[in-house]
Amino acid sequence: MDEPMKRVAIVTGAANGIGWATAQRLAQDGFCVALLDMLAEAVLARASELGLSHLGLGCDVASEASVAAAVSCVFATLGRVDVLVNNAGIGDQTGPTVQQNLEAFDRVLAVHLRGTFLMSQAVVAGMLKIPMGPSGERVSIVNLGSIASTTGLPTRNAYSAAKAGIVGMTRAMASEWARDGIRVNAVAPGYVRTALITELERKGALDAKGIVHRTPLGRMAEPAEIAEAILFLGSHRASYITGAVLPVDGGWTAFGAPESALRRLEDPVPA
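## Structural notes on the packing of helix H3 (residues 64-78) against helix H4 (residues 102-127)
And then number 1: One can describe the packing of H3 onto H4 by two numbers: an axis separation of 10 Å at closest approach and a directional angle of 35 degrees. Seen along the crossing, H3 lies across H4 with a hand that is right-handed. The segment H3 lies against H4, with Glu64, Val67, Val71 and Phe75 engaging Leu118, Met119, Ala122, Val123, Gly126 and Met127.

## Let's talk about helix H5 (residues 157-177)
And then number 1: The terminal C-alpha atoms of H5 lie 30 Å apart, and with 21 residues this matches the ideal 30 Å at 1.5 Å per residue to within 8%.
And then number 2: The set of residues buried in H5 consists of Ala158, Tyr159, Ser160, Ala162, Lys163, Ile166, Val167, Met169, Thr170, Met173, Ala174 and Trp177.
And then number 3: Buried residues in H5 make contact with H4, strand S5 (139-144), strand S6 (182-189) and strand S7 (245-248).

## Re the sheet that holds S7
And then number 1: Taken in spatial order, the 7 strands make up an open sheet running S3-S2-S1-S4-S5-S6-S7, and their pairing is parallel. Here the strands that pair on one side only, and so sit at the sheet edges, are strand S3 (55-58) and S7. Taken over all neighbouring pairs, the strand axes of this sheet differ in orientation by 15 degrees on average, direction set aside.
And then number 2: Taken together, the 4 bridges between S6 and S7 define a ladder with parallel strand orientation. What sits directly across from valine 187, in S7, is leucine 246.
And then number 3: Where H3 meets the sheet, it contacts strand S1 (8-12), strand S2 (32-37) and S3, and its direction lies at approximately 160 degrees from that of S3.

Cut-offs used in this document
- Residues numbered from 1 in each chain as written.
- Predicted model: local features only at pLDDT ≥ 70, side-chain atom pairs only at ≥ 80, totals over all residues.
- Heavy atoms only, no water.
- Axes fitted to C-alpha atoms, helices over the stretch in contact; angles between N-to-C directions.
- Helix = DSSP H or I, 4+ residues; strand = E, 2+ residues; numbered from the N terminus.
- Left-handed = near helix turned anticlockwise from the far one by under 90°.
- Contact = heavy atoms within 4.5 Å.
- Expected span 1.5 Å × (residues − 1).
- Buried < 20%, exposed > 50% of the residue type's maximum accessible area, 1.4 Å probe, protein only.
- Pairing = 2+ DSSP bridges.

Okay, structure coming up:
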């Protein structure tokens, strides 16, 4: 009897943070993972940490040529793609809108929005050449939205526009490709305890205490918690879900009362 075909996943921005946590979780679930990142040496090292069956590739998701080369390599080496996680992203510029730089604005949109488009386009073009299996599914795409997809974050214009655009694109692609056996969903994380957040906190550029208090669950997320949501949407357990945006934000976007309505974290729990 032939062994079942190994499931293959691509994770962009996989060298650190949510991307690395997601690559680890997919590998634990039995996927052969292709890790893509602009930090080529770092992502090669990450792939080596996961084991010999995994692949690390340098890739700039904002570059059509770079995406085409990376995706072609994945298909040539691993044969197919069952899950695509569009996680790659960069930080926004800070400062008042009237002082913001157009080049920096464009770069944020290019990485987040154009990158999600290019990766999805290239992977789906390859998978449409492969007949659907008995499950009726070719590939599941999970995009990274944000609380910025639906709420207003002052001065974060490019990031907010990119994340709102990703939600719109998620719904458009889900509607277009549903009958081709392709599901497209998004997760929308709140603040996540990554190395970047820790560094911003150290520099005084982020009010971590205020964020924690504003979050109903009273803490930031860990990258592994976002990875669990991504794994679910990418898996057959979510086989009837497409075009959805799953908040993974500790209740941030659900909360609409004044912050004073939340019990202070240092206060004792009422009996």
